[in-house]
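What follows is each chain in one-letter form.
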Amino acid sequence: MCGIVGSTNHKLSRLTLNSLHHRGPDARGIYSSAKVSMGHTRLSIIDLDNGSQPMTSADGKTVLVFNGEIYNYRGLRKELTSCKTDSDTEVLLEYYKKYGIEKTLKNINGMFSFAIFDENKIFLARDRLGIKPLFYHQDDAGLTFSSEIEPIKDMIGVDNLTIDPLSVSLFFNMYYIPSPRTIWKEIKNLNPGCFM
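K.L.:
Describe the overall build of the protein, listing the residues and the values that go with them.
P.N.:
Helix and strand counts for the protein stand at six helices and 10 strands. Radius of gyration (C-alpha) of the protein: 16 Å, near the 16 Å computed for a compact globule of 196 residues. Principal-axis analysis of the C-alpha atoms gives the protein an extent of 50 × 35 × 30 Å. Scored against the burial criterion, the 196 residues of the protein give a buried share of 49%. When contacts within the protein are restricted to residue pairs at least 6 apart in sequence, long-range pairs at least 24 apart make up 52% of them. Of the roughly 9500 Å² that the protein leaves accessible, carbon and sulfur atoms contribute 53%.

This is the structure in structure tokens:
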């Protein structure tokens, strides 16, 4: 389990990553530019030495934060000449660089949520079963996302959030809140098998 967080209108700090420390105590990292700030807390499982994130492509134009595991990354790696490590993170990033988001999502098999910043675009994606969570807040000011609601709540401010009465009702009737709803009207949960 790892934690990802990012925003186009809030700068991340080490303090921001503290709320995700329990998701990945082995390492943490932040990428910041004028357009986006992305962070990652890592639980090291595959390629313990080379999977640090946020991971930037060789040309410096694409950045990935990734939570999960790509089961078929070794097979996908055979299609790539650019991979230098045995990390599923690098395979995901380089596969995206070579084939784009739609083919990547069609061909990867695993449990994941990730964000890719590619020059002027950000892609958020979640695995088909929704095993790995991905929450987001989007308004005119920008996009903020995370593996958990707490960092988003901290960045946009709890005073700017309102309880969603329908979500409360759904919780008491179904014992969970179905995607894309959350307890907060302003924070959504990306649907399983979807990207934006």
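Next comes the rest of the description.
K.L.:
Before we move on, can you summarise the nonpolar core with the specific residues and values?
P.N.:
With 21 residues, the main nonpolar core has L64, F66, I70, L105, I108, F112 and F114 as its most contacted residues. Listed by contribution, the elements that provide at least two residues to this core are β5 (62–70), α2 (73–77), α3 (88–99), α4 (101–107), β6 (110–118) and β7 (121–126). Per element, the largest residue contribution to this core is five residues, and it comes from α3. Ignoring any residue separated from it by four or fewer positions in sequence, one finds F112 in contact with F66, N67, G68, I70, L105, A125, R126, D127 and K132.

K.L.:
Describe the environment of K132, naming the residues involved and giving the relevant values.
P.N.:
Looking at where K132 falls in the secondary structure, it is placed in the loop between β7 and β8 (135–139). Remark: the alpha-carbon pair of K132 and K188, spanning 56 residues in sequence, is separated by 14 Å. With sequence-adjacent residues up to four places away left out, K132 is seen in contact with M1, N67, G68, M111, F112, S113, R126 and D127.

K.L.:
Describe α3, listing the residues and the values that go with them.
P.N.:
Relative to the 16 Å expected for 12 residues at 1.5 Å per residue, α3 spans 16 Å between its end C-alpha atoms, a close match to the ideal helical length. When you tally the buried positions in α3, you get nine out of 12 residues, the bulk of the element. What α3 keeps buried is the set D88, T89, E90, V91, L92, L93, E94, Y95 and Y96. Of the surrounding elements, those touching the buried residues of α3 are β4 (55–56), β5, α2, α4, β6 and β7. For α3, the capping residue at the N-terminal end is S87, with a side-chain oxygen 3.1 Å from the backbone nitrogen of T89.

K.L.:
I'd like a description of the side chain of E148, backed by residues and values.
P.N.:
With respect to the secondary-structure elements, E148 resides in the loop between β9 (142–146) and α5 (149–156). The exposure class assigned to E148 is buried, which follows from its relative accessible area of 18%. Polar contacts involving the side chain of E148 include one to the side chain of R23, which spans 3.2 Å. Beyond its immediate stretch of four places on either side in the chain, E148 contacts S19, L20, H22, R23 and F135.

K.L.:
Can you tell me about the sheet that holds β9, naming the residues and giving the values?
P.N.:
The strand order across the open sheet formed by six strands is β2-β3-β1-β9-β8-β10, and the pairing between neighbours is antiparallel. Whereas interior strands pair on both sides, the edge strands pair on one side only; in this sheet they are β2 (27–32) and β10 (188–189). Taken together, the three bridges between strand β1 (residues 3–7) and β9 define a ladder with antiparallel strand orientation. Note on β9: the bridge partner recorded for S7 is T144.

K.L.:
Describe the pattern of salt bridges, and please don't skip the residues or the numbers.
P.N.:
Applying the stated criterion across every chain, the model contains five salt bridges. Residue E148 is joined to R23 by a salt bridge in which the shortest nitrogen-to-oxygen separation is 3.2 Å. On the criterion of sequence distance, the pair formed by E148 in the loop between β9 and α5 and R23 in the loop between α1 (14–18) and β2 is long-range, its members being 125 residues apart. Just as E148 is buried, R23 falls in that class too. The partner of R181 in a salt bridge is D164, and the shortest N-O contact between them spans 2.5 Å. Residue R181 is found in the loop between α6 (165–174) and β10, and its partner D164 is found in the loop between α5 and α6; the two are separated by 17 residues along the sequence. The exposure class of R181 is partly exposed, given its relative accessible area of 28%. In this structure D164 comes out as buried when scored by relative accessible area, which is 7%.

Conventions we followed
Residues numbered from 1 in each chain as written. Predicted model: local features only at pLDDT ≥ 70, side-chain atom pairs only at ≥ 80, totals over all residues. Heavy atoms only, no water. Helix = DSSP H or I, 4+ residues; strand = E, 2+ residues; numbered from the N terminus. Rg over C-alpha atoms; globule rule 2.2 N^0.38 Å. Buried < 20%, exposed > 50% of the residue type's maximum accessible area, 1.4 Å probe, protein only. Contact = heavy atoms within 4.5 Å. Areas by Shrake-Rupley, 256 points an atom, 1.4 Å probe, with all protein chains shown as cover. Core = buried A, V, L, I, M, F, W, Y, C linked by side-chain atoms within 4.5 Å. Expected span 1.5 Å × (residues − 1). Polar contact = N/O pair within 3.5 Å; in protein donor to acceptor, adjacent residues only side chain to side chain. Pairing = 2+ DSSP bridges. Salt bridge = Lys/Arg side-chain N within 4 Å of Asp/Glu carboxyl O.

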